[in-house]
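Below are the chains, spelled out letter by letter.
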Amino acid sequence: MQSHVMTANGLADGAVVYLHASGRWVRDLQQAVVADTAEGCAKLEALAEEAVRKRLVIGHYLFAVSLNESGPQPIVQRERIRAAGPTVGTDLPAGRQDAEV
Amino acid sequence: MYRYDEFDFAFVKQRVDEFREQIERRLAGELTEEQFKPLRLMNGLYLQLHAYMLRVAIPYGTLSSCQMRRLAWIARTYDRGYGHFTTRQNIQYNWPRLQDVPKILEALAEVGMHAIQTSGNCIRNVTSDPFAGVAADEIEDPRVYAEILRQWSTLHPEFSFLPRKFKIAITGSPHDRAAIRVHDIGLRMLRDESGAPGFEVVVGGGQGRTPVIGETIRKFLPSQHLISYLEAILRTYNLLGRRDNLYKSRIKILVKQVGIEEFRRQVEQEWEAIRDGWQLDLPDAEVTRIADYFAPPRYEPQEAIDLSFATAQRQDPAFAQWVRCNTFAHRQAGYAIAVISLKPEGGIPGDATAGQMERVADLADRYGFGEIRVTHEQNLVLPDLRKADLPALWQALVEADLAVPNVGLITDMIACPGLDYCNLANARSIPVAQRIGQRFADRALAEELGPITLNISGCINACGHHHVANIGLLGVDKKGREFYQITLGGRADEEAAIGDIVGPAFSYDEVVDAVESVVTTYRGQRQQGETFLQTYRRVGIKPFKETLYGTG
Amino acid sequence: MALVKHGKIQEDAWTRIENDSLPLGRPLLLTKEEWCCLAATLRHWEQPLGLLLEGSDSLDDLRPVLDRFRLIALNFPKFTDGRAYSQARLLRKRYGYSGELRAVGNILQDQFLQMHRCGFDSYEVADGKVAEVWAVAIHRYRGFYQSAERGQRREGAATLPVEQPAAAAWAY
Ligand code: SF4
């Protein structure tokens, strides 16, 4: 089965986050937990719903990734841009690097 | 320009308090996201790809230098040091945090600004001619009625949960710089035979998935009846517009479905019933009160023609080019309107840094009357400049990287945020605009090509107005890859037209070459003195198709 | 379900037709369809009658009989469905209905004020706790920008002298 990662946005700051194996949400896609079975995906879905109930995140969904040595890689452009930020040039001031939610 | 009184200040303050409590209830779990979403949208707060996005209203694109400085301060304090001016004359911040939004709104309220109804299924920020009140060709100043409509539509109890969003545009000039024919309601100010002021009312225009040029529902509406007439349109739409299908819920679909004749009959019937008894229309004294805010500033009478302006143009070709491209005729002798292009080569269309916003505010104070406009083409305007001051102003703009002489030219592109920011996007808009800007970086060439509007939308919602561009690019998704459909021959002015789709879409890598091919074809076909649009109308789409796809 | 009226929880005395039988001795709430079928039967009915209307129900044909009803309940199938606001205004202003106007269905406390301004008097809500916030919601704004059933345009606004912006600099 295609590998998947669970993503969402933080409720309070809106930032892109990914579900980590510990059940916490992290900013870095490379650290995200990857599910490659239906049960694995269901488990991530349940954890994400729990986080929505706890008001940590909103708008969660699973997306397909491929795997290489550095970790999960998005397949579609939208997820590449969510993971790496806008592609419109590098002269933007760096974003706030907030703590994990 | 309009200036808040105590009533207005208290009102926006109360709105900030209300929204702060709604955010607190959301964070405390008393509101679900499903409940909160329509509430936050009604206050301009979206969730985009990377973060929340806050859209701040700039009523009919008019703001003071003081307000501009506050926008800059917010960009620096709560965002990443820049803001994005939009095709609806608003400004968007791309990175605010939910918990900071009440503080941002408080800071806005202090200078008489807000984010009320910049999204949601309600009456949105009214848009208008960015040259209102100063254009040489103007018949009536639309700002008075734009402000009246702003007030009337603000937290309207009946029209806050319409079937879909509702956009009103108003112009007072024969040359339409407000694209009124592609709005839910478009208003064109004119006078009847007796000289009484009124409006041509256009209804059911729009872009998006189903682009429609609006139809005239009333040729002449006496201006004192504006509000009762709009209430009649809105009520008819609120009751009959479709609510079962997001894509069929705009008023344009209702008008198409029942036909303009029947829609007009229903609206007029409703209007007859409410016109006199409901006391909706404003008393003359109130119209005068608002109109007084828009009295012309104290222009210096022109006593002699200042030759330094002409001399400066002769001596400096770069300045002369900027004057040719970026300045426009003012109604007052000795004055000019200057457009500050936010489209530098390779830049992000519509973006301005906090420093640039402050610079523009300073220049508005120094050379104008402290007033700034935002255009739907995502540029800024200094509306009241003495011609004699233009050389010095231009120098200052050059230093701030704000003197690109490309207004109305191919590099003056409109681009929506697209897939770099927007949650609904199929493809990127900004990097395509950046690459096109670099491809046509030769300023002399761009000017030689003449007026060309090139607009880019990242999806069919058409925030980038691609349907009404001479050259329109629409981002589409093909199996996770970005493609762009090209349309030709659209226009947004008084002769508004929807562009024709030229053929199959081009990939992200091919699209800039495709645009260049369109331009090359135009140059090959062009006859002396023709604009792109004139050539296109004369030769049709065929030659463009042939060079783009080959004759086979 | 709780009924909020004037900021207080009130008992809801109204009853509906169930299992094809007309309950006696209590105020009776009818859908438009029921009313159309039963109008003749109910000609001499002495208990108060009410109407429960959907957003798609037309009002024009009810005009001649509106004074038969003591209650009109307008249904909000979703809180984002705003048709009932227009129905309320038409009933009040155009058709002169003066009985009780009730909002039922899916409504948020955040909508109390606009409902109040459109002429609603009572609210059927999922959780009676919101009765406490009703008064706060109604009084949140000191004035409004447009006239409606309740609240006139710029009522109470201080009429401040109009100042022309001074040349070059004007700030708040
Ligand atoms: S056109 Fe589409 S991609 Fe562009 S801003 Fe609008 S919704 Fe987003």
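Computed from a prediction, not measured in an experiment: that's the story for all the values here.

(A) Main features of the overall build of chain B. For chain B, the count of helices and strands is 18 helices and 21 strands. For a compact globule of 552 residues, the expected C-alpha radius of gyration is about 24 Å, and chain B comes in at 23 Å, within 12% of that figure. Once the C-alpha set of chain B is aligned to its principal axes, its extents read approximately 65 × 60 × 55 Å. Considering only residue pairs separated by 6 or more positions, chain B has 68% of its internal contacts joining residues 24 or more positions apart. By element, 50% of the accessible surface of chain B is carried by carbon and sulfur atoms, the whole surface being about 18900 Å². Across chain B, 64 positive and 71 negative side-chain charges occur, with their mean positions spaced 5 Å apart.

(B) Fine view of the overall build of chain C. Within chain C, the secondary structure is distributed over four helices and eight strands. Helices (α) and strands (β) of chain C occur, in sequence order from the N terminus, as β-β-β-β-α-β-β-α-β-α-β-α. A compact globule built from 172 residues would reach a C-alpha radius of gyration of about 16 Å, whereas chain C, at 20 Å, exceeds it by more than 25%. Overall size of chain C, expressed as C-alpha extent along the three principal axes, is 75 × 35 × 25 Å.

(C) Highlighting the pairing of strand β5 (residues 49-53) of chain C. Residues and elements named next belong to chain C. Counting buried residues in β5 gives five out of five residues, a clear majority hidden from the surface. Here β5 shows a buried face lined by Leu49, Leu51 and Leu53 and a second buried face lined by Gly50 and Leu52. Across four bridges, strand β4 (residues 28-31) lies against β5 in parallel orientation. Bridging from a neighbouring strand, Thr31 pairs with Leu52 of β5. Remark: the β4/helix α1 (residues 32-38)/β5 crossover connection has right-handed handedness.

(D) Up close: the interface of chain B and chain C. Taken together, the contacts link 65 residues of chain B with 45 residues of chain C. Close ionic contact of Arg89 of chain C with Glu231 of chain B constitutes a salt bridge, the shortest N to O distance being 3.6 Å. For the side of chain B that touches chain C, the elements supplying multiple residues, two or more each, are α1 (6-27), α2 (33-41), α3 (65-78), α5 (143-153), α6 (226-240), α8 (260-274) and α9 (284-292) of chain B. Looking at the side of chain B that touches chain C element by element, the count peaks at 13 residues for α1 of chain B. Residues that form the side of chain B that touches chain C fall into these classes: 27 nonpolar, 16 polar and 22 charged.

(E) Broad picture of the arrangement of the chains. Of all two pairs of chains sharing an interface, the pair with the highest contact count is chains B and C. With no contact between them, chain A and chain C keep their nearest C-alpha atoms 20 Å apart.

(F) Looking closely at the interface of chain A and chain B. With 24 residues of chain A at the interface, the matching set in chain B holds 30 residues. Between chain A and chain B, roughly 2400 Å² of surface is buried when both sides are summed, and carbon and sulfur atoms account for 55% of that area. Summed over the shared surface of chain A and chain B, the result is zero salt bridges. On inspection of chain A and its partner chain B, the count reaches 10 residue pairs in polar contact (both at pLDDT 80 or more). Those elements giving two or more residues to the side of chain A that touches chain B turn out to be β1 (3-10) and α2 (77-84) of chain A.

(G) Focus on the packing of helix α14 (residues 430-439) of chain B against helix α16 (residues 511-525) of chain B. Residue and element names in this part refer to chain B. With their axes 10 Å apart at the nearest point, α14 and α16 run at an angle of 45 degrees to one another. When the axes of α14 and α16 are compared, the pair comes out oblique. Every pair of crossing elements has a handedness; the one defined by α14 and α16 is right-handed. Between α14 and α16, the contacting residues are Val432, Arg435, Ile436 and Arg439 on the first element and Val511, Val512, Asp513, Val515 and Glu516 on the second. Residue classes in the contact of α14 with α16 are distributed as five nonpolar, no polar and four charged.

(H) Just the pairing of strand β14 (residues 371-374) of chain B, in detail. Residues and elements named next belong to chain B. Residue alternation in β14 divides its side chains into two sets, Glu371 and Arg373 and Ile372 and Val374, and both sets are buried. As paired elements, strand β3 (residues 62-64) and β14 share three bridges and run antiparallel to each other. From the neighbouring strand, Ser64 faces β14, where its bridge partner is Glu371. Bridge count between β14 and strand β15 (residues 380-386): two bridges; the pairing is antiparallel. Directly across from Arg373, in β15, lies its bridge partner Val381. Hairpin geometry of β14 and β15 is characterised by an intervening segment of five residues between the two adjacent antiparallel strands and by a positive phi of about 70 degrees at Gln378.

(I) Spotlight on α6 of chain B. Taking 1.5 Å of rise per residue, 15 residues should cover 21 Å, and α6 of chain B covers 21 Å from first to last C-alpha, within 8% of that figure. Of all 15 residues in α6 of chain B, 13 are buried; the element is thus mostly enclosed.

(J) Representation of α3 of chain B in the model. For α3 of chain B, which comprises 14 residues, the first-to-last C-alpha distance of 20 Å matches the rise-based estimate of 20 Å (1.5 Å per residue) to within 8%. Every buried residue of α3 of chain B is accounted for by Ser65, Cys66, Gln67, Met68, Leu71, Ala72, Ile74, Ala75 and Tyr78 of chain B.

(K) Broad picture of the sheet that holds strand β1 (residues 45-47) of chain B. Residues and elements named next belong to chain B. Taken together, the five strands give an open sheet; going across it, the order is β1-β2-β5-β4-β13, and neighbouring strands pair in antiparallel fashion. Single-partner strands in this sheet number two, and they are β1 and β13 (351-353). Strand-to-strand twist in this sheet, taken as the mean axis angle between neighbours without regard to direction, amounts to 30 degrees. Note: β1 against strand β2 (residues 52-56), three bridges, orientation antiparallel. Looking at β2, one finds that Leu45 is bridged to Leu54. Each of β2, β4 (82-85) and β5 (91-93) is contacted by α3, which is oriented at about 15 degrees to β5, the strand it contacts most.

Calculation criteria
- Along each chain, residues carry numbers from 1 onward, in the same order as the chain's sequence is written.
- A letter from A marks each chain and a number from 1 marks each ligand, given out in the order of writing.
- Totals for whole chains, interfaces and linings use every residue, but because this is a predicted model, local features are given only for residues with pLDDT of at least 70 and side-chain atom pairs only at 80 or more, for both listing and counting.
- Hydrogens and water molecules were not included; the side-chain quantities draw on all heavy atoms of the structure.
- A run of H or I in DSSP becomes a helix once it reaches four residues, and a run of E becomes a strand once it reaches two; helices and strands are each numbered from the N terminus.
- This radius of gyration counts C-alpha atoms alone. The globule rule is 2.2 Å times how many residues there are, raised to the power 0.38.
- Should any heavy atoms of two residues lie within 4.5 Å, those residues are considered in contact.
- Per-residue and other accessible areas were derived by the Shrake-Rupley procedure at a 1.4 Å probe size, with only the shown protein chains allowed to occlude residues.
- Here the positive residues are Lys and Arg and the negative ones are Asp and Glu; neither His nor the chain ends is included.
- The atom standing in for a charge is NZ when the residue is Lys, CZ when it is Arg, CG when it is Asp and CD when it is Glu.
- The rule is simple: take the accessible area with a 1.4 Å probe, protein chains only, and divide by the maximum for that residue type; under 20% is buried, over 50% is exposed, in between is partly exposed.
- At least two bridges found by DSSP between two strands are what make those strands a pair.
- A crossover counts as right-handed when, viewed with the strands pointing away from the observer, the path leading from the first strand over the helix to the second turns clockwise.
- Criterion for a salt bridge: a side-chain nitrogen of Lys or Arg within 4 Å of a carboxyl oxygen of Asp or Glu.
- Three residue categories are used. Nonpolar comprises Ala, Val, Leu, Ile, Met, Phe, Trp, Tyr, Cys and Pro, charged comprises Asp, Glu, Lys and Arg, and polar comprises the others, including Gly.
- Once two parts are joined, some of their accessible surface, as seen by a 1.4 Å probe, is lost; buried area is that loss totalled over both.
- Polar contacts, as used here, are pairs of N or O atoms within 3.5 Å; protein pairs need one atom able to donate a hydrogen and one able to accept it. Residues neighboring in sequence count only if both atoms are side-chain atoms.
- Angles shown run from 0 to 180 degrees and are taken between the N-to-C directions of axes, each axis being a line fitted to C-alpha atoms and, for helices, limited to the stretch in contact.
- An angle counts as roughly parallel when it lies under 35 degrees, as roughly antiparallel when it exceeds 145, as roughly perpendicular when it falls between 65 and 115, and as oblique in every other case.
- The sense of a crossing depends on the near helix, which, turned anticlockwise from the far helix by less than a right angle, makes the crossing left-handed and, turned clockwise, makes it right-handed.
- A helix is expected to span 1.5 Å for every residue after the first.

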